[in-house]
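Now for the letters of each chain:
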Amino acid sequence: MGRRLRALRSELADFFELPKDILLDLPRITLQGNLRLVIENHRGLIQYESGQIRVCLEKGELVILGDDLSIALISQEEIIIEGRLRGLEFRD
Amino acid sequence: MLVLHLWYYLTGYLCLRVEGLALEKFVNLCISRGIYLWGIRRDEGGLVACLGVTNFRLLRPIARSSRCRVKILQKKGIPFYWRHLRGRQVLIGGAFLFFLSLYILGSFLWTIEVTGIVDPARVAQIRAEVEREGIRPGIWKGKIDPERLSRQIILHNPDLAWVNVEIRGTMLVIDAVPKQLQARVGLPCHLVAREEGVIQDLDLLAGEPLVQVGDTVQRGEILIRGSLGGRPIAAQGIVWALIWPEAYGECLREEIEHRRTGSVHRVLILRIGEREFPLPGAGEVPFHLYEKEAEIKRLISWRNLVLPVEAIIITYYEVEEVVHRLSVAEAEERARAAALAKIKSRLSPEARILQEEVKRIPQGSLEKVLVKVTCEVLENIAEPRGFEPEALERERGQQFETRGESQTGGTEQ
């Protein structure tokens, strides 16, 4: 996707008040306190340790830090991560 | 997601242990093949995951390409439980035997109950009659014909108006209603004394009078007999008599009134089924004395379909105690009024109270006043009472006998 096309889409989404995650293929991340994290629209796991999970996204990756992290379920559409979450980081 | 888990519970699922270096690759391959994984936990040198039993054969090429070793830890779900249970035939046999014995024991009669009749002698009589029909505890329920039995009981007991025989579980319930002879217009009836008293006036309209002015009558005594030349008729007449009803009345000298102060406290409770959930913010009732009112709100009720969800609004009204102190005379007046009201409730509207006597009964303490009120009342004491026309002849004979005796007694004096 070219940068100009991406900018156009973003403006379109703003203008029509459409959800950006659909038009821009962004992940939708929902946090429930520090216990549960739901990532929709992901591209698979990169690394899974009990203290750190790296999830591949459309652009870059998401690093989840915490203790006793477990994957409550994983499918093509979403990942649900449970445990004691301590931090989130987006990396390119 | 619950539906999916339920589905996997029904079709069976496996808990696996995956060991290897490229565990992430294993997971990614699984999702790209559409294999649903859940409950993934990481531990030393591997991970534990669950998946549906039907997906297990798809795992082999994935494990090979990601160089992981897969080991089954547990097999769960209905098919595995069923397989496990099949090995324990005694357990299945026992469960089957349990339900079978429950069914067999439930198809016999265990108890017989007679309701609706107060007199224990009559109850025993009906029980004996039922037993004579061959119905006793221990017989097979199928042998009982409730309709036939109720007809039999009615036939043999003309004093019963209605009998219903019903099998309720292992219990035979015989519900009977005894006949009550009611004095109705046109049906033969006597006029009997409702109270004991001294007759002052007798206005005869129909029937044979058995009493005279000046007679003292007991309660239930026949005043005017419902017969005309031996033929049963409905007796009619008015019998004025002096009666002396009495009643007690009491009054406390200290009266406590609970008066609402105006401050209220509301609590909302959500009831789902049997459970009650107080909504947050309820807290303790901030009043020392209060009155409680509960209002139940149901969501919708359509026909007899009621949702098991209710909202209960409890309102607490703060109250204060106000003490009224009565003088002895005031308390006595109130007690007298209460006693008089009791007497009046027993009298007919046309009754006339001729005299009233109030007697104060001394109490141990001065806090309570107790009075006894006796009145002299002129009242129509005639009350109709129905009778069976055949009974008239029998009664007639008896009545004459007793009359004759009393007359002879009178002459001797």
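For the structure itself, consult the block above.
In this report, we go over the structure that sits alongside the text. Keep in mind that this is a model prediction, so the values were computed, not measured. (Residues numbered from 1 in each chain as written. Chains lettered and ligands numbered in written order. Predicted model: local features only at pLDDT ≥ 70, side-chain atom pairs only at ≥ 80, totals over all residues. Heavy atoms only, no water.)

Moving on, we come to the layout of surface pockets. All names here are of chain B. Considered as a void within the structure, the largest pocket measures approximately 170 Å³ in volume. As for the largest pocket, its lining consists of 13 residues, and the residues nearest its centre are Glu195, Glu196, Ile243, Trp244 and Pro245. Taken together, the elements giving at least two residues each to the lining of the largest pocket come down to strand 9 (197–206) and strand 11 (216–217). Of the residues that constitute the lining of the largest pocket, the class distribution is six nonpolar, two polar and five charged. (1 Å grid on protein atoms, 1.4 Å probe; cavity = no way out; pocket = protein on both sides within 12 Å on 5 of 7 lines; lining within 4 Å. Points joined across faces, edges and corners; volume = space filled by probe spheres on them. Helix = DSSP H or I, 4+ residues; strand = E, 2+ residues; numbered from the N terminus. Nonpolar A, V, L, I, M, F, W, Y, C, P; charged D, E, K, R; others polar.)

Looking now at the packing of helix 1 (residues 2–11) of chain B against helix 4 (residues 78–86) of chain B. Residue and element names in this part refer to chain B. In contact at an axis separation of 4 Å, helix 1 and helix 4 are set at 25 degrees when each is read in the N-to-C sense. When the interaxial angle is binned, helix 1 and helix 4 end up roughly parallel. Contact residues: Tyr9, Leu10 and Thr11 in helix 1; Ile78, Pro79 and Tyr81 in helix 4. (Axes fitted to C-alpha atoms, helices over the stretch in contact; angles between N-to-C directions. Parallel < 35°, antiparallel > 145°, perpendicular 65-115°, else oblique. Contact = heavy atoms within 4.5 Å.)

What follows concerns the packing of aromatic side chains. Residues and elements named next belong to chain B. Under the counting rule described, the total for this entry stands at eight aromatic pairs over all chains. Pairing Tyr8 with Tyr36 gives two aromatic rings, centres 6.0 Å apart and planes at 10 degrees, and the pair type is stacked. In this pair, Tyr8 is assigned in helix 1 and Tyr36 in the loop between helix 2 (23–32) and strand 2 (37–43), connecting sequence segments 28 residues apart. Accessibility expressed as a relative area gives 10% for Tyr8, which makes it buried. Relative to Tyr81, the ring of Tyr9 lies with its centre 6.4 Å away and its plane at 55 degrees, an arrangement referred to as tilted. (Phe/Tyr/Trp six-rings, centres within 6.5 Å; stacked < 30°, edge-to-face > 60°. Buried < 20%, exposed > 50% of the residue type's maximum accessible area, 1.4 Å probe, protein only.)

All names here are of chain B. Along the polypeptide, Arg122 turns up in helix 6 (residues 120–132). Within the structure, the side chain of Arg122 is placed 2.8 Å from the side chain of Gln125, a separation counted as a polar contact. Here Asn157 takes part through its side chain, which lies 3.2 Å from a polar atom of the side chain of Arg122. Beyond its immediate sequence surroundings of up to four residues, Arg122 is in contact with Ile117, Asn157, Asp159 and Leu160. (Polar contact = N/O pair within 3.5 Å; in protein donor to acceptor, adjacent residues only side chain to side chain.)

A few words on a nonpolar patch on the surface. Side chains of Phe96, Leu97, Leu100, Tyr103, Ile104, Leu105, Phe108, Trp110 and Trp140 of chain B sit close together on the surface and give an oily, nonpolar patch of about 1,000 Å² of accessible area. Assignment of secondary structure puts Trp140 of chain B in the loop between helix 6 and helix 7 (146–156). (Patch = residues over 30% accessible without salt bridge, like charges linked within 9 Å, V, L, I, M, F, W, Y side chains within 5 Å. Areas by Shrake-Rupley, 256 points an atom, 1.4 Å probe, with all protein chains shown as cover. Salt bridge = Lys/Arg side-chain N within 4 Å of Asp/Glu carboxyl O.)

This model, assessed by the stated rule, comprises 28 salt bridges over all chains. Between Arg136 of chain B and Glu131 of chain B there is a salt bridge, with its nearest N and O atoms 3.9 Å apart. Given a relative accessible area of 39%, Arg136 of chain B falls into the partly exposed group. The partner of Arg336 of chain B in a salt bridge is Glu356 of chain B, with the nearest N and O atoms 2.3 Å apart. Taken together, the positions of Arg336 of chain B in helix 8 (residues 328–346) and Glu356 of chain B in strand 23 (residues 352–361) put the pair 20 residues apart, joining distant regions of the chain. Classification of Arg336 of chain B as partly exposed rests on a relative accessible area of 22%. Here the residues in one salt-bridge network are Asp67, Asp68, Arg84 and Arg86 of chain A, joined through shared partners.

So, on to the interface of chain B and chain A. Each partner contributes residues to the interface: chain B has 15 residues there, and chain A has 16 residues. For the pair chain B and chain A, the two sides together bury roughly 1,300 Å², of which 61% comes from carbon and sulfur. Looking only at chain B, the three residues that lose the most surface to chain A are Glu24, Ile31 and Arg42 of chain B, adding up to 43% of its buried area. Counting the contacts that link chain B with chain A gives one salt bridge. At the boundary of chain B and chain A, one finds eight residue pairs in polar contact (both at pLDDT 80 or more). Broken down by secondary-structure element, the contributors of at least two residues to the side of chain B that touches chain A are helix 2 and strand 2 of chain B. (Buried area = accessible area lost by both parts, 1.4 Å probe.)

Further remarks concern helix 1 (residues 3–16) of chain A. Taking 1.5 Å per residue, 14 residues should reach 20 Å; helix 1 of chain A reaches 20 Å between its end C-alpha atoms and fits that length. The first or second residue beyond helix 1 of chain A is Glu17 of chain A, which carries a positive phi of 55 degrees. (Expected span 1.5 Å × (residues − 1).)

By themselves, these are just geometric observations and shouldn't be taken as functional.
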